[in-house]
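The lines below spell out each chain.
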Amino acid sequence: MRTKSSTIKTTMFTLLLSALAQVFAQASAQSPELVKDINVGSNSSQPQFLTVFDDHLYFGTALYSGLWKTDGTESGTVLAEGAATIGTDYATTLGVFHDKLYFNTFSSPAFWSTTGGIDQAIVVKDQVTSLGGLPYFSPELNQNIFVFAGRDHTQPVFQSKLYRSDMTTIGTVSFGNFISDNNSPTPNLIGAVNNNFLFSATETGEGRELYVTQGTTVSTGLLKDIKPGSISGISNVSGSQAATLGNTFYFPGYKDIGQGLWKTDSTTVGTIEVDNMTVEFSSPNYLNKFNGSLYFFADGAAPPSQLFRMNANDDEAIPLTSRAFFSDEACNSYDSMEFNGELYFPFADDGAGCELWKTDGTLAGTTQVKDINDGDNLHSHPKFLAVFDGWLYFVALKEGLGFELWKTKGFESNTVLVADINPGSGSSISNPQAVVFNDELYVIANDGVHG
């Protein structure tokens, strides 16, 4: 049988750490390998925002200036943007749109883009930094645009605007002004449904509510004032707190007493509360689309927080888990992940603590994968990373090891530690970001020696 060679690379706070290994059939022994010590010695550089672009892995660092890129070798790990463009500034919030890499600079605020190479970046918008953006096809403009919320640093107080961009200076314009909400920036971008782009925002005298746009000033407006007045009708919805199922967008919203599950088709009349859970405060959160159904955590009719499934056009959610008490508040604070036709998620059982679970969408098929930190109410707090080379890689806590890199194929027998990168009880991974690049898996980590 032919063996498959694969490599895992871990990006360390001060360096790129590569876990180089041969994978024979189902299992392998893996050991970290230093790629480059960027901030030499025990000082950290804290790589972040790992982004694959132009045949390289790009990243910024929190404690060492410049925009960096690597091909996976020490000699190929170099400054992509430095003295000739961004100087000694720090690159943050990396992403890719229209075959260009975009990023912010921190000390001298600006929004940049580059087509790759060395010191080729241009300023897309000076004195503006992106607070997060999403690609969107605008029917009104008949083109693909990058919609982002940007902070305007020319204003004396915190002010954010909506921008559309094609990654050129002339093609980057603002089309909506909003205010901060309890020191949290708005607008907050959500996503698109039925050709309309959704976001939450706050205006003077009003709470945070649901808005809609097609990328122009005239198309931007309030979609639904869920809770009229200064009290917000929608929370800071983003990422794992909302999901699209078919032509319907689901999100948590507030109305009379508490938080419930809402849906919208991007019309005012089609924005309604949909759950009929018997408690007044169901608090749906961490929504996922999986196998044509909506999955989310909520209190439901039998507190505490459980996993529920809801199909399109259903009026009632089906519980897939059951427990008598909520043994760990932080257990549902990470995204679920699909792997081999099942949905994996952290869940705190009544006795086993917060561990790795999976579901195939049925009550009988919702089970614990492994009690990693075994013992009554000892938690492993699994944090999901990436699917790579036929395995689900994740971070978990085990007594005596700390937070380290693990992998599984979905069963207790093949859920194993990859490597104790920071030997002993010290944790190696606190930022569970992972990127697959050139058939290698990069993870931010710290070996306890190099930072």
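Residues numbered from 1 in each chain as written. Predicted model: local features only at pLDDT ≥ 70, side-chain atom pairs only at ≥ 80, totals over all residues. Heavy atoms only, no water.

Let's talk about the packing of aromatic side chains
Then step 1. This structure, assessed with the given rule, holds 20 aromatic pairs.
Then step 2. Grouping aromatic residues by their ring pairs yields a cluster made of Phe97, Tyr102, Phe111, Phe146, Phe148 and Tyr163.
Then step 3. Geometry around Phe411 places Lys358 over its ring, the cationic atom sitting 4.3 Å from the centre.
Then step 4. It is Lys409 that lies over the ring of Trp391; its NZ or CZ is 4.5 Å from the centre. (Phe/Tyr/Trp six-rings, centres within 6.5 Å; stacked < 30°, edge-to-face > 60°. Lys NZ or Arg CZ within 6 Å of the ring centre and 35° of its normal.)

Points about the sheet that holds strand β25 (residues 293–298)
Then step 1. Here we have 4 strands laid out as an open sheet, ordered β24-β25-β26-β27, and antiparallel in their pairing. On the outer flanks of this sheet lie β24 (285–290) and β27 (318–319), each paired with one strand and no other.
Then step 2. Sheet analysis places strand β26 (residues 306–311) next to β27, joined by 2 bridges and oriented antiparallel. Among the inter-strand pairings, Arg309 is bridged to a residue of β27, identified as Ile318. (Pairing = 2+ DSSP bridges. Helix = DSSP H or I, 4+ residues; strand = E, 2+ residues; numbered from the N terminus.)

Comments concerning the pairing of strand β6 (residues 67–70)
Then step 1. Side chains Leu67 and Lys69 of β6 all project onto a buried face; the interleaved residues Trp68 and Thr70 project onto the opposite face, where all are buried too.
Then step 2. As paired strands, strand β5 (residues 56–61) and β6 are joined by 4 bridges and run antiparallel to one another. Each bridged residue has a counterpart across the sheet, and for Phe59 the counterpart in β6 is Trp68.
Then step 3. Linking two consecutive strands that pair antiparallel, namely β5 and β6, is a turn of 5 residues; a positive phi of about 100° is found at Gly66 within it.
Then step 4. As paired elements, β6 and strand β7 (residues 78–81) share 3 bridges and run antiparallel to each other. Opposite Lys69, over in β7, you have Val78 as the bridge partner. (Buried < 20%, exposed > 50% of the residue type's maximum accessible area, 1.4 Å probe, protein only.)

Focus on the sheet that holds strand β22 (residues 259–264)
Then step 1. Strands sit in the order β20-β21-β22-β23 across an open sheet of 4 strands; the sheet is antiparallel. Looking at which strands have only one partner, the edges of the open sheet turn out to be β20 (243–245) and β23 (272–273).
Then step 2. With 6 bridges joining them, strand β21 (residues 248–254) and β22 adopt antiparallel strand pairing. When the bridges of β22 are listed, Tyr254 appears paired with Gln259.

Quick notes on the environment of Ser428
Then step 1. As for its position among the elements, Ser428 is in the loop between β35 (416–419) and β36 (434–437).
Then step 2. Classification of Ser428 by relative accessible area gives buried; the value is 1%.
Then step 3. Sequence-wise, Ser428 and Gly448 are 20 residues apart; in three dimensions their C-alpha atoms are separated by 7.2 Å.
Then step 4. Only 2.5 Å separates the side chain of Ser428 from the side chain of Glu404, close enough to count as a polar contact. (Polar contact = N/O pair within 3.5 Å; in protein donor to acceptor, adjacent residues only side chain to side chain.)

A short note on the environment of Ser380
Then step 1. On the secondary structure map, Ser380 appears in the loop between β31 (367–370) and β32 (383–388).
Then step 2. Setting aside anything within four residues of it in sequence, one finds Ser380 in contact with Cys354, Glu355, Ile372, Asn373, Ala396, Leu397 and Phe403.
Then step 3. A polar contact of 2.7 Å, which involves the side chain of Ser380, links it to the side chain of Glu355. (Contact = heavy atoms within 4.5 Å.)

Re the pattern of salt bridges
Working definition: two side chains of opposite charge can pair if their charged atoms are close together.
Then step 1. Applying the stated criterion across every chain yields a total of 3 salt bridges.
Then step 2. For the salt bridge of Asp152 with Lys161, the shortest nitrogen-to-oxygen distance reads 3.1 Å.
Then step 3. Classification of Lys161 as buried rests on a relative accessible area of 15%.
Then step 4. Linking Lys398 and Asp374 is a salt bridge whose minimum nitrogen-to-oxygen distance equals 3.7 Å. Of this pair, Lys398 sits in strand β33 (residues 391–398) while Asp374 sits in the loop between β31 and β32, and the two are 24 residues apart along the sequence.
Then step 5. Judged by its relative accessible area of 24%, Lys398 falls in the partly exposed class. (Salt bridge = Lys/Arg side-chain N within 4 Å of Asp/Glu carboxyl O.)

Overview of the side chain of Ser113
Then step 1. Looking at where Ser113 falls in the secondary structure, it is placed in strand β10 (residues 110–114).
Then step 2. Under the relative-accessibility criterion, Ser113 is labelled buried at 2%.
Then step 3. Within polar-contact distance, the side chain of Ser113 engages the backbone oxygen of Met167 at 3.3 Å.

Observations regarding the confidence of the model for the protein
Then step 1. The pLDDT averaged across the protein works out to 83; a share of 84% of its residues lies at or above 70.
Then step 2. Every residue in residues 1–6 scores below 50 in pLDDT, and together they form 12 contacts with partners more than four places removed in sequence or on other chains.
Then step 3. Note on residues 11–29: pLDDT under 50 across the span, and 96 contacts to partners over four residues away in sequence or across chains. (pLDDT = per-residue confidence, 0-100.)

Quick look at unusual backbone geometry
Then step 1. In the Ramachandran plot, Asp54 falls in the positive-phi region, its phi being about 55° despite a non-glycine side chain.
Then step 2. Secondary-structure assignment places Asp54 in the loop between β4 (47–53) and β5.
Then step 3. Non-glycine residue Asn438 carries a positive phi angle of around 50°.
Then step 4. Summarising the element assignment, Asn438 is placed in the loop between β36 and β37 (440–445).
Then step 5. For Asn438, a relative accessible area of 49% gives the class partly exposed.

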